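Architecture and fold: a report
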Amino acid sequence: MPLLLDPHYPEQFDRVIKCFLRGHPVALPTETVYGLAAPISNIEAISRVFSMKGRPHFNPLVVHVPTRSKAKDYVLEFPEWAEKLAKDFWPGPLSLLLPKTDRVPDLVTAASSHVVLRCPSHPVFRNLLSRMNEAVVAPSANRYMGISPVSSRDVIKELGPFGLEAVVDGGVCQYGVESTIVSYERGQGLIILRPGAVTREALEASLGQRVSIASLQSSSPAVPGTAARHYSPSKPMCYLKGREDSVKLPSIEERRYWALLKVFPKDQPWVDSLGFEKVFYLSERASDVEAASNLFRVLRNLDEKEFHGIICCETNDSGLGLAINDRLSRASSKI
Ligand code: TXA
Ligand code: MG
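What comes next is a walk through the structure. Predicted, not measured: the structure shown is a model, and the values here were computed from it.

Conventions we followed
- Residues numbered from 1 in each chain as written.
- Chains lettered and ligands numbered in written order.
- Predicted model: local features only at pLDDT ≥ 70, side-chain atom pairs only at ≥ 80, totals over all residues.
- Heavy atoms only, no water.
- Salt bridge = Lys/Arg side-chain N within 4 Å of Asp/Glu carboxyl O.
- Buried < 20%, exposed > 50% of the residue type's maximum accessible area, 1.4 Å probe, protein only.
- Core = buried A, V, L, I, M, F, W, Y, C linked by side-chain atoms within 4.5 Å.
- Helix = DSSP H or I, 4+ residues; strand = E, 2+ residues; numbered from the N terminus.
- Contact = heavy atoms within 4.5 Å.
- 1 Å grid on protein atoms, 1.4 Å probe; cavity = no way out; pocket = protein on both sides within 12 Å on 5 of 7 lines; lining within 4 Å.
- Points joined across faces, edges and corners; volume = space filled by probe spheres on them.
- Nonpolar A, V, L, I, M, F, W, Y, C, P; charged D, E, K, R; others polar.
- Polar contact = N/O pair within 3.5 Å; in protein donor to acceptor, adjacent residues only side chain to side chain.
- Expected span 1.5 Å × (residues − 1).
- Bend = angle between axes of the 7 residues up to and from the residue.
- Axes fitted to C-alpha atoms, helices over the stretch in contact; angles between N-to-C directions.
- Parallel < 35°, antiparallel > 145°, perpendicular 65-115°, else oblique.
- Left-handed = near helix turned anticlockwise from the far one by under 90°.

Let us look at the pattern of salt bridges. Applying the stated criterion across every chain yields a total of 22 salt bridges. For Asp106, the salt bridge identified is with Lys100, shortest N-O distance 3.4 Å. Judged by relative accessible area, Asp106 falls into the partly exposed class, the value being 48%. Accessibility expressed as a relative area gives 12% for Lys100, which makes it buried. Two residues, Asp154 and Arg300, come together in a salt bridge whose shortest N-O distance is 3.6 Å.

What follows is the structure in structure tokens.
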């Protein structure tokens, strides 16, 4: 059973650092989801990050830095677009893909020449960063392809059986979906590689230009972790984009054993008369912020209940709806 550390006691951070020195990662809260952290130069601890998650080495790790100026130690250039976004969104849930320096080990980027940098705002993660004189890698603290953890309890369930030594408790994560990952291509402008807690609209307002979204269907995704199947519950899960997907539904007799998950009550009203008895909403009052923060907790709860499967419905792509649809559709690609 992993140790549960209380961040109100400063000496608990010494314990985190001692774990690192022995080559072990530690789970910590961020404002998005819990991360499995290891110092960027500690190859032994980083190797354990991969093995504990069951994550293939071709899938690189996000690098966390305390400030914009520290970020610059790890990249060859920090162009104007990155300056603007970092000024507007850091510390916070936005990650930037930039060309890396030699200070980023190849193990971290899966030998890519580019690194994803993020400056988290969570006080507990920032407290750790202030005690380290290097960056910290942290993928979400779940098993590979599993549901991202938004509480220390989730982390213990996910990684306790796989040798996690300690988790710092930070309560429930504020956003509940991961950071937005962006890159910039000359001629194309800013591209969202992974939709997340910073919305497309907010990015467009910051840069004063249109922002595009990397194709969800891409067969060789620029962000390896955005493979079609991800965030998956152990039960079958089915994603309905519209009426044409009704062929995917379980039989009428079977439906009472399935959970229907809607983001907002008004989404896809045609589903309301299909005979599902157990209906769950991510936000009854149609708040995308509330829906995102409930997403992984509700998925995990439904997975733990007796249902035979989960039917979920696409919502409007505006605001956090884009990230929510992205996670629901990937969680669902099993059937
Ligand atoms: O909010 C977040 O970003 C959380 C918290 C813990 O900080 N972290 C997180 O990490 O979501 P992870 O590993 O679960 O997801 C990071 C995604 C993966 O899909 C990975 O493939 C991609 O970012 N990624 C990381 N480094 C990359 C790189 N150098 N090039 C392309 N994709 C990269
Ligand atoms: Mg993840």
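From this point on, the discussion continues.
Note on soluble globular proteins: their nonpolar side chains tend to be buried together. In this structure, Leu85, Trp90, Leu96, Leu117 and Leu203 are the most contacted members of the largest nonpolar core, which totals 75 residues. If you tally residues by element for this core, the top one is helix α9 (residues 288–304), at seven residues. Excluding residues that lie within four positions of it along the chain, Leu85 makes contacts with Trp90, Leu94, Leu96, Val182, Leu190, Leu203, Ser206 and Leu207. One finds Val16, Cys19, Ala37 and Met132 within the second-largest nonpolar core, a separate group that totals 17 residues.

Across all of its chains, the model carries one cavity of 30 Å³ or more by this definition. Taken as a whole, the largest cavity encloses approximately 30 Å³ of empty space. Taken together, Ile192, Pro195, Gly196, Val198, Thr199, Arg200, Gly319, Leu322 and Ala323 form the lining of the largest cavity. Taken together, the residues of the lining of the largest cavity break down into five nonpolar, three polar and one charged.

Let us look at the side chain of Thr199. Within the secondary structure layout, Thr199 lies in the loop between β10 (189–194) and α8 (200–207). Residue Thr199 is classed as buried on the basis of its relative accessible area of 17%. There is a polar contact of 3.1 Å between the side chain of Thr199 and the backbone nitrogen of Ala202. Once you skip the residues sitting within four places of it in the chain, Thr199 turns out to touch Gly319 and Leu320.

Turning our attention to α9. With 17 residues, α9 extends 24 Å between its outermost C-alpha atoms, agreeing within 8% with the 24 Å of an ideal straight helix rising 1.5 Å per residue. For α9, the principal kink sits at Leu295 and spans about 45°. Ala291, Ala292, Ser293, Asn294, Leu295, Phe296, Val298, Leu299, Arg300, Leu302 and Asp303 are the residues of α9 that are buried. Packing partners of the buried residues in α9 comprise α7 (152–159), β12 (237–240), β13 (258–262), β14 (278–281), β15 (309–313) and α10 (321–331).

It is worth spelling out the packing of helix α4 (residues 80–89) against α8 at this point. Running from N to C, α4 and α8 cross one another at 120°; their axes reach a closest spacing of 10 Å. The angle between α4 and α8 places the two elements in the oblique class. Where α4 crosses over α8, the handedness of that crossing is right-handed. Residues Trp81, Lys84, Leu85, Asp88 and Phe89 of α4 pack against Ala202, Leu203, Ser206 and Leu207 of α8. Here the residues of the contact of α4 with α8 sort into six nonpolar, one polar and two charged.

Turning to unusual backbone geometry, a few remarks are in order. Cis rather than trans, the peptide bond between Trp90 and Pro91 has omega equal to -10°. One non-glycine residue, Met145, lies in the positive phi region at around 70°. Residue placement: Met145 occurs in the loop between β7 (136–137) and α7. Using a relative accessible area of 24% as the deciding quantity, one classes Met145 as partly exposed.

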